[in-house]
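Examination of the molecular architecture
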Amino acid sequence: MVLDLSRKDVRDYLFDTLSNILRGANIEYIKWDMNRPLTEVYSLAVVNQYGNEGFIWQAETRHRYVLGLYELQHRIISAFPHILLENCASGGD
């Protein structure tokens, strides 16, 4: 399962949850692993907002997901500038 980062409520929940963890522990490094493939991407928020025409906007869900990821990570590094955030996917042998 991949969380729908195109939705602001999901990003807000993750930011609050991660912030609580980061404030309560001596964490200086986060490795954000992107190995989960995005297959059958769909956002309920789009259908709820646009009703029957929601299928038109589903094509944008992957793009909105990436923008949401960037926004969430920017919030994290802005709130916790001492933390090094590394993104990774696959790689290695």
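As a starting point, this report considers the structure included with it. Since we're looking at a predicted model, the values are computed, not measured.

Let us now look at the nonpolar core. Across soluble globular proteins, nonpolar side chains show a tendency to be buried alongside one another. Formed by 14 residues in total, the largest nonpolar core has its most connected members in Leu5, Leu22, Trp32, Leu72 and Ile76. Of all the elements in the fold, those that place two or more residues in this core are α1 (8-24), β1 (29-33) and α4 (61-79). What Trp32 contacts, discounting residues up to four positions off in sequence, is Leu18, Leu69, Leu72, Gln73, Ile76, Leu85, Glu86, Asn87 and Cys88.

With that out of the way, let us pick up α1. Here α1 is 17 residues long and its end C-alpha atoms lie 24 Å apart, about the 24 Å a rise of 1.5 Å per residue gives. If you check which residues of α1 are buried, you get Val10, Arg11, Leu14, Phe15, Ser19 and Leu22. The buried residues of α1 occupy an angular sector of 160° when projected down its axis, which confines them to one face. For α1, the exposed residues set more than 90 degrees away from the buried face come down to Tyr13, Asn20, Arg23 and Gly24. Elements in contact with the buried residues of α1: β1 and α4.

For the rest of this paragraph, the subject is the packing of aromatic side chains. By the definition in use, this model includes zero aromatic pairs. Of note, Arg75 hangs over the ring of Phe15, and the distance from its end group to the ring centre comes to 4.3 Å.

Mapped onto the elements of the fold, Val41 is located in the loop between β1 and α2 (44-50). A C-alpha to C-alpha distance of 6.9 Å links Val41 and Arg62, two positions 21 residues apart in sequence. Here Val41 is in contact with Gln58, Thr61 and Arg62, once residues within four sequence places are set aside.

This part covers a nonpolar patch on the surface. Residues Val66, Leu67 and Tyr70 make up a contiguous nonpolar surface patch of about 280 Å² in total accessible area. Note on placement: Leu67 falls in helix α4. For Leu67, a relative accessible area of 44% translates into the label partly exposed.

It is worth spelling out the pattern of salt bridges at this point. Per the stated rule, a full pass over the model turns up six salt bridges. Put simply, Asp9 and Arg7 hold a salt bridge, and the shortest N to O gap is 2.6 Å. Take Asp9: its relative accessible area is 45%, and that puts it in the partly exposed class. Residue class for Arg7 comes out partly exposed when judged on its relative accessible area of 26%. Among the salt bridges present, the one from Glu71 reaches Arg75, with a minimum N-O distance of 3.6 Å. In this pair, Glu71 and Arg75 are both assigned in helix α4, four residues apart and thus about one turn of the helix distant. The class for Glu71 is partly exposed, based on a relative accessible area of 29%. Arg75 sits in the partly exposed class, given a relative accessible area of 23%. Through salt bridges with shared partners, one network takes in Lys8, Arg11, Asp12, Glu71 and Arg75.

Thresholds, definitions, all that
Residues numbered from 1 in each chain as written. Predicted model: local features only at pLDDT ≥ 70, side-chain atom pairs only at ≥ 80, totals over all residues. Heavy atoms only, no water. Core = buried A, V, L, I, M, F, W, Y, C linked by side-chain atoms within 4.5 Å. Buried < 20%, exposed > 50% of the residue type's maximum accessible area, 1.4 Å probe, protein only. Helix = DSSP H or I, 4+ residues; strand = E, 2+ residues; numbered from the N terminus. Contact = heavy atoms within 4.5 Å. Expected span 1.5 Å × (residues − 1). Arc of directions from axis to C-beta. Phe/Tyr/Trp six-rings, centres within 6.5 Å; stacked < 30°, edge-to-face > 60°. Lys NZ or Arg CZ within 6 Å of the ring centre and 35° of its normal. Patch = residues over 30% accessible without salt bridge, like charges linked within 9 Å, V, L, I, M, F, W, Y side chains within 5 Å. Areas by Shrake-Rupley, 256 points an atom, 1.4 Å probe, with all protein chains shown as cover. Salt bridge = Lys/Arg side-chain N within 4 Å of Asp/Glu carboxyl O.

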